[in-house]
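Working through the structure, step by step
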Amino acid sequence: MALITLRRNLCHLSDFRIHGALAALKNHPVNYVHKVSEERLCPWFCSPQSEPFRVRFHHGRCKKFHSENGKDLNPVGEPVFSQAHDWDRPEQNLKSGDEQMFYRRLNNFTSSEEVLSFISTLQTLPDTLAAGALQRICEVEEKEGNQKLPKEILKNSVFQALCIQCEQESSGLPDTVLVTALQALTLLHMDPPSSLLLNLVAECQRRLKRGGLEVHSLCVLGESLIKLQGPGCATLELIICQLKSEKLEEFTPEDIVALYRILQACSEKVDQHQAFLNKLNNFSLSVVYNLSPTLMSQMLSALAVLDQTQALPLVIKLGKYVVRHIPHFTNEELRKVLEAFIYFGHNDRFFTKALEQHVASVCLTLDPEVVSKVMEYCSRKRILSKPILNAVAETFVCQSEKFLPHQISELIEPFGKLNYLPPNASALFRKLENTLLTHFNYFPPKTLLKILHSCSLIECHPVNFMAKIFSPYFLQKLQGEELYLDRLSLAQLTQLFLTSVLECPFYKGQKLLPKYQVRSFLTPCSSLETPVDFHLYKSVKIGLIDLLGARLYFASKVLTPYCYTIDVEIKLDEEALVLPYTVDEDVHKRVALCIDDPKRFSLNSKHLLGKEAIKQRHLRLLGYHVVQIPYYEIEMIKSRVELVEYLQRKLFSQNMGVRW
């Protein structure tokens, strides 16, 4: 993208400097070129070698370069440049009209050797294009995952000439070319003290203080300085100040996103820039449709890091356009999009549908971090997506060794939370059990507890691990250096212990000590129990009073001896007559009304969450008669009379035998 922008800015230049890579070699002896390049480049990458290095260039029509001993220095020949064009012939100088073709050719090369071999066929090369060639070399090396340039590239005479040319002519380079050359050298984590880099930085700072740098040059310079000197450098404040003074209408979409990235790097100063960010967020609404998948993911990531919760209209609009690009995101870009949507709580059924199709088709090739992030998104938004859950389950069975402990936790937890067993549940949990048994000590205690608790929610009871997690040794590790165990961990341990008593009567191993048991599963984060919805409870309460005759005949929010809180409890005697809730004697049966609002179900479904399913399951095992009053049935009732009739059918059915 930077090269394309550079080409666009250069196509209006009528005066080119004709000091090319080969011209630099002709003006200086080879030994001088090698010496100067070693002084400038070796501090970045390697120790100078004592053995002299000589390269002589043959005529441009020769297919290869040759070293002094006749062996090939650069094996890449000319056939890759076989397309006929006037400036393919080295005796021709580049004309300004050929710039676009030059950059097009550069962008098509996939290795540094190809770029250097192509440059060597040119008799002269303008400084502007030399900087572009240098940037392309750094780009392809970065794409190959190299942290630094390979030694064979550093020793290449053409590359050395390019570096010398950029340093000696830096004061004469156009602004765009200067910052582009600096950007190229920062792509591979160059060493700041090197003379070439210092020369370019100093020249950029001189021009910045002088003023007049265009928006794109300011953005490129800002990001380069962040990589070199960190977000705390004083020059960056000057760049941001100058960018604020520019009209946003003159920014390209690429520059808008670059500005977000710069502000993201200075996130600790977000309060100072909030007024400008508000203006930027509003303007960005008009450029969303022009953003590429990469730019969309970067903008969303910046909005999340900068905590722009007031920019929800922008997030929603980005979400609409993201749907179209899901198949085109890289793993890293998709991860950033999901992280931003999780942060802002954004959910869109069209996005979910597109994500389902993408994950189902490519799940086996997705990065484990992306897979776990997809599952976290579904879990946070309570999205019961069977295509996604099934595909992820199959991926874990086939590639469990790829996942780290925290990724396994993020992958398994949604199955428990969403109360879903995939078709290959037996294979999934057998693989999980083998993984835990093999690598038990590698799992952090809290991560392990979350995984095992999630399994118990869907009746895949971790019997083989209960003795271990109830042991004093594990509990001590779980507590770590804290004075007390956190409430959530204690609640999870208590529910696992209750599960072992109610659902695994054959378990005779270690018990959980009383001091680690909680009295209530209601926690501030509502992880184990969801408090009753006040408005829904109020509606049901009115109907119960009309049905039973008085408020005296039912209790609300009753904490049982088994840690669960019942929304409404009704007591019955041996003849199934309703007793006042204050009576504790002659109680033969207890009725537990579960008034379930939408938060107790998966999103837009009638499927109970795992924590609600296990609660109702345990209450039944404890002897309660559980009556579910779901919100979607209450919403269908139009009058108070209908409500009373509905509750009468629920409570006084033949199976219940309740009388009043």
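Residues numbered from 1 in each chain as written. Predicted model: local features only at pLDDT ≥ 70, side-chain atom pairs only at ≥ 80, totals over all residues. Heavy atoms only, no water.

**Focus: the confidence of the model for the protein**
Scored by pLDDT, the protein comes out at a mean of 83, with 83% of its residues at no less than 70. Across the protein, helix H28 (residues 610-621) holds the top mean pLDDT of 97, while strand S1 (residues 55-56) sits lowest at 32. Confidence drops under pLDDT 50 across residues 1-93; counting only partners more than four residues distant or on other chains, this segment forms 180 contacts. (pLDDT = per-residue confidence, 0-100. Helix = DSSP H or I, 4+ residues; strand = E, 2+ residues; numbered from the N terminus. Contact = heavy atoms within 4.5 Å.)

**Some words on the packing of aromatic side chains**
Inspection of every chain in the model, using the stated rule, returns 13 aromatic pairs. Look at Phe341 and Phe351: their rings are 4.9 Å apart centre to centre, the planes differ by 85°, and that puts the pair in the edge-to-face class. With Phe341 in helix H17 (residues 331-344) and Phe351 in helix H18 (residues 349-362), this pair connects stretches of sequence that are 10 residues apart. The exposure class assigned to Phe341 is buried, which follows from its relative accessible area of 0%. Here Phe351 falls in the buried class, since its relative accessible area comes to 1%. Put simply, the rings of Phe102, Tyr103, Phe109 and Phe118 touch in pairs and so form one group of aromatic residues. The cationic tip of Lys468 hangs over the ring face of Phe440; the distance from NZ or CZ to the ring centre is 4.6 Å. The cationic tip of Lys606 hangs over the ring face of Tyr632; the distance from NZ or CZ to the ring centre is 4.8 Å. (Phe/Tyr/Trp six-rings, centres within 6.5 Å; stacked < 30°, edge-to-face > 60°. Buried < 20%, exposed > 50% of the residue type's maximum accessible area, 1.4 Å probe, protein only. Lys NZ or Arg CZ within 6 Å of the ring centre and 35° of its normal.)

**Points about helix H21 (residues 405-417)**
Along its 13 residues, H21 runs 18 Å from first to last C-alpha, staying within 8% of the 18 Å computed at 1.5 Å per residue. Along H21, the residues that are buried comprise Gln407, Ile408, Ser409, Leu411, Ile412, Pro414, Phe415 and Gly416. Elements in contact with the buried residues of H21: helix H19 (368-380), helix H20 (386-399), helix H22 (425-438), helix H23 (445-457) and H28. Positive backbone phi, approximately 60°, marks Asn419, located one or two places after H21. (Expected span 1.5 Å × (residues − 1).)

**Some thoughts on unusual backbone geometry**
The backbone of Ala576 shows a phi angle near 65°, a positive value even though the residue is not glycine. Here Ala576 lies in the loop between strand S4 (565-572) and strand S5 (578-579). Using a relative accessible area of 14% as the deciding quantity, one classes Ala576 as buried. Of note in this structure, Asp586 is not a glycine but carries a positive phi near 60°. On the basis of relative accessible area, Asp586 is assigned to the exposed category, the value being 64%.

**Details of the side chain of Asn281**
By secondary structure assignment, the location of Asn281 is in helix H14 (residues 270-284). Setting aside anything within four residues of it in sequence, one finds Asn281 in contact with Tyr260, Leu303, Gln308, Ala311 and Leu314.

**Digging into the pairing of strand S7 (residues 625-630)**
Sheet topology places strand S6 (residues 589-596) next to S7; 6 bridges connect them, and they run parallel. In the sheet register, Leu593 faces S7, and the bridge partner there is Val627. Read as a crossover between parallel neighbours, the route from S6 over H28 to S7 is right-handed. (Pairing = 2+ DSSP bridges. Right-handed = clockwise from strand over helix to strand, strands pointing away.)

**A closer look at a negative patch on the surface**
Taken together, the side chains of Glu574, Glu575, Glu585 and Asp586 define an acidic patch exposed on the protein surface. In this fold, Glu585 is placed in the loop between S5 and S6. A relative accessible area of 63% means that Glu585 is categorised as exposed. (Patch = residues over 30% accessible without salt bridge, like charges linked within 9 Å, V, L, I, M, F, W, Y side chains within 5 Å. Areas by Shrake-Rupley, 256 points an atom, 1.4 Å probe, with all protein chains shown as cover. Salt bridge = Lys/Arg side-chain N within 4 Å of Asp/Glu carboxyl O. Lys, Arg positive; Asp, Glu negative; His and termini not counted. Charge placed at Lys NZ, Arg CZ, Asp CG, Glu CD.)

**Observations concerning the nonpolar core**
Counting residues in hydrophobic clusters, the biggest one holds 166 residues, and the most contacted among them are Tyr260, Phe351 and Leu355. A total of 8 residues in this core trace back to one element, the largest contributor, which is helix H11 (residues 215-229). Apart from residues lying up to four places away in sequence, Leu355 is in contact with Ile326, Leu334, Leu338, Val374, Tyr377 and Ile388. Formed by 28 residues, the second largest nonpolar core is a distinct cluster that contains Leu536, Tyr537, Val540 and Ile634. (Core = buried A, V, L, I, M, F, W, Y, C linked by side-chain atoms within 4.5 Å.)

**Some points on the pattern of salt bridges**
Taken as a whole and assessed by the stated rule, the structure comprises 22 salt bridges. Here Glu339 and Arg335 are joined by a salt bridge, their closest N and O atoms 2.6 Å apart. Linking Glu339 with Arg335, this pair stays in helix H17, spanning 4 residues, or about one helical turn. Salt bridges here are not isolated pairs; linked through shared partners, they connect Glu332, Arg335, Glu339, Lys373, Glu376 and Arg380.

**Brief notes about the side chain of Asp597**
Mapping Asp597 onto the fold places it in the loop between S6 and H28. Judged by its relative accessible area of 4%, Asp597 falls in the buried class. Of the polar contacts made by the side chain of Asp597, one reaches the backbone nitrogen of Lys599; its length is 2.9 Å. For Asp597, the residues in contact, after removing those within four places along its chain, are Pro531, Asp533, Leu536 and Tyr631. (Polar contact = N/O pair within 3.5 Å; in protein donor to acceptor, adjacent residues only side chain to side chain.)

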